[in-house]
Amino acid sequence: MDPFDAGAGGILRQPKAVWATAGASVVAFMGIGLVDPILPSIAQGLDASASQVSLLFTSYFLITALAMLVTGFVSSRIGGRRTLLLGLALVVVFAGLAGTSDTVGQLVGYRAGWGLGNALFVSTALAVIVGAAAGGSAAAILLYESALGLGMACGPLVGALLGDASWRYPFFGTAFLMAIGFLCITAFLKEQPKPTRRTSLLDPVKALGHGGLASAAVSAFFYNYTFFTVLAFTPFVLNMTPYRSGAVFFAWGVLLAVFSVLVAPRMQKRFGSLKVLGGSLVLLAADVLVLGYGNHTAAVVCTILSGAFIGVNNTVYTELALGVSDAPRPVASAGYNFVRWFAAAAAPYFAPKIEEWTDVHIPFVVAAVTAVLGAVVVLVRRRSLTYEAEELEPRHATEDGVTVFAN
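Read on for a plain summary of the structure. (Residues numbered from 1 in each chain as written. Predicted model: local features only at pLDDT ≥ 70, side-chain atom pairs only at ≥ 80, totals over all residues. Heavy atoms only, no water.)

Considerations on the packing of helix α10 (residues 211-238) against helix α13 (residues 296-323)
Each packed pair of helices is defined by two parameters, the angle between the axes and the distance between the axes.
Thinking step 1. α13 packs onto α10 with a crossing angle of 155 degrees between their chain directions and a minimal axis gap of 10 Å. Our classification of the angle between α10 and α13 gives roughly antiparallel. Seen along the crossing, α10 lies across α13 with a hand that is left-handed. When α10 is examined against α13, the residues L213, A216, S219, A220, Y223, F227, V230, T234 and L238 are found in contact with a partner set consisting of H296, A299, V300, T303, S306, I310, N313, N314, Y317, L320 and A321.
Thinking step 2. Of the residues contributing to the contact of α10 with α13, the split by class is 13 nonpolar, seven polar and no charged. (Axes fitted to C-alpha atoms, helices over the stretch in contact; angles between N-to-C directions. Helix = DSSP H or I, 4+ residues; strand = E, 2+ residues; numbered from the N terminus. Parallel < 35°, antiparallel > 145°, perpendicular 65-115°, else oblique. Left-handed = near helix turned anticlockwise from the far one by under 90°. Contact = heavy atoms within 4.5 Å. Nonpolar A, V, L, I, M, F, W, Y, C, P; charged D, E, K, R; others polar.)

Written out as structure tokens, the structure is:
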């Protein structure tokens with residue numbers, strides 16, 4: 001069945017509960033890149049350095065990483081609906097508080113609380129959408145991934161439009177939109193059945209004892225360092241107005257969405273997951289080197305182009321993490337995300353620090369090296385990564401619990 005079919009069960013004919021959750025998911029993913037175009041404005045408004053402002057990403061993703069050990073524990077006990085509402089409530093509170101910050105320290109702290117709420121919501125949203133969807137999981141997964149791509153693309157654009165008036169407005173805007181999402185889910189989403197097995201806090205860590213899953217997580221750790229060097233450090237290098245920076249990262253997000261949803265699965269079927277992943281990582285390394293050493297036009301082009309490689313990588317890593325081990329998908333997902341999000345927390349902090357210690361080019365050299373290291377792990381550990389990765393078609397998280405992206 002074509003998931004785009006407007007008939008019963010198609011992507012366009014879903015229950016209100018599915019649309020409510022998908023709409024809130026768009027806003028949740030917008031929050032990741034929302035601050036990108038306004039980082040320089042925040043630094044100016046709060047009299048902070050680039051390294052201090054970059055802690056907005058560090059605190060957000062550090063809490064996200066740690067929350068991976070908690071989300072399955074929580075959702076398996078209180079249910080998906082309550083977990084979504086708890087996550088949304090936290091985002092509303094902390095995003096609103098972020099807009100009132102008087103110091104960069106306060107803003108960093110509020111972003112940490114925002115990260116916890118976002119982790120609880122995003123890690124549960126796909127399972128809820130699949131459980132409430134009509135016509136099977138294919139249309140539901142496509143709808144979720146479309147929400148992911150739309151959110152990643154629109155986050156920088158919304159941040160630019162609101163941030164041009166004041167850097168505080170994007171935070172208030174997010175709180176307002178998430179409050180609407182809270183009301184919609186309260187009204188339209190019924191409680192879903194709880195998982196038959198409760199997840200413990202240590203289950204995700206134990207799952208990393210599998211060599212294949214550990215290899216995927218380590219490779220993704222190196223890759224994520226590169227990814228978030230581009231996302232968190234490049235706005236300072238481009239040094240553009242919020243509108244222009246937002247437009248650049250909107251184009252970046254569009255490529256990310258297109259290559260993640262449409263291109264990557266076709267490439268996997270034709271060439272195999274590991275070849276696609278290794279090649280994409282090497283190309284990403286070359287791209288960030290040109291970004292770091294090229295002129296301003298080259299930097300803009302390479303920033304946008306990196307979205308294509310990042311979209312491919314996100315999809316392939318998702319499939320590897322879910323298919324490489326025999327652990328339940330929610331547990332494998334949580335363990336994998338627990339490792340890789342630490343790199344997302346590290347890159348925004350170390351990239352501007354490396355620039356302070358050396359020059360503006362070296363952070364991108366380090367990012368290129370980490371992308372290559374991710375490819376090396378794939379090459380060296382290819383045997384442990386081939387189980388259900390090369391031979392099978394791409395798979396998605398459709399079971400109860402958490403999904404792999406909180407990207």
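Focus: unusual backbone geometry
Thinking step 1. Phi at D47 is positive, roughly 50 degrees, even though this residue is not glycine.
Thinking step 2. On the secondary structure map, D47 appears in the loop between α2 (39-45) and α3 (50-53).
Thinking step 3. Taking relative accessible area as the criterion, D47 reaches 72% and is therefore assigned exposed. (Buried < 20%, exposed > 50% of the residue type's maximum accessible area, 1.4 Å probe, protein only.)

With respect to the packing of aromatic side chains
Note on aromatic pairs: each is described by the distance of the centres and the angle between the planes.
Thinking step 1. What the rule picks out here adds up to 17 aromatic pairs.
Thinking step 2. Here the aromatic rings of F57 and F61 are separated by 6.4 Å at their centres, their planes lie at 5 degrees, and the arrangement is stacked. Of this pair, F57 and F61 both sit in helix α4 (residues 55-78), four residues apart, roughly one helical turn. In terms of burial, F57 and F61 fall into one category: buried. (Phe/Tyr/Trp six-rings, centres within 6.5 Å; stacked < 30°, edge-to-face > 60°.)

As for the pattern of salt bridges
Thinking step 1. The full count for this structure, using the stated rule, is one salt bridge.
Thinking step 2. For E356, the salt bridge is made with K353, and the minimal N-O distance between the two is 4.0 Å. Of the two residues, E356 and K353 both sit in helix α14 (residues 329-357), three residues apart, roughly one turn of that helix.
Thinking step 3. Classification of E356 as partly exposed rests on a relative accessible area of 45%. (Salt bridge = Lys/Arg side-chain N within 4 Å of Asp/Glu carboxyl O.)

Observations regarding the side chain of S306
Thinking step 1. Relative to the assigned elements, S306 resides in helix α13.
Thinking step 2. Residue classification places S306 among the buried positions, given a relative accessible area of 0%.
Thinking step 3. When residues no more than four places from it in sequence are discounted, the contact partners of S306 are V230, W252, L284 and D287.

Examining the environment of C184
Thinking step 1. Inspection of the secondary structure assignment puts C184 in helix α8 (residues 169-188).
Thinking step 2. Sequence separation between C184 and G23 is 161 residues, and the spatial gap between their C-alpha atoms is 9.2 Å.
Thinking step 3. Ignoring sequence-local partners within four residues, the contact set of C184 consists of A20 and L189.

Some remarks on the environment of V360
Thinking step 1. Inspection of the secondary structure assignment puts V360 in the loop between α14 and α15 (362-380).
Thinking step 2. We classify V360 as partly exposed; its relative accessible area is 28%.

Notes on the packing of helix α12 (residues 273-293) against α15
Thinking step 1. One way to put it is that α12 packs onto α15 with a least axis distance of 8 Å and a crossing angle of 170 degrees. Of the possible angle classes, the one that applies to α12 and α15 is roughly antiparallel. Facing α12, whose interface residues are L274, L277, G278, L281, V282, A285, V288, L289, L291, G292 and Y293, α15 presents I362, F364, V365, A367, A368, A371, V372, G374, A375 and V378.
Thinking step 2. Of the residues that constitute the contact of α12 with α15, the class distribution is 18 nonpolar, three polar and no charged.

Considerations on helix α6 (residues 104-132)
Thinking step 1. An ideal rise of 1.5 Å per residue puts 42 Å on 29 residues; α6 measures up with 41 Å between its terminal C-alpha atoms.
Thinking step 2. Bending of α6 peaks at approximately 40 degrees at the position of A125.
Thinking step 3. Counting buried positions over the 29 residues of α6 gives 23, a clear majority of the element. (Expected span 1.5 Å × (residues − 1). Bend = angle between axes of the 7 residues up to and from the residue.)

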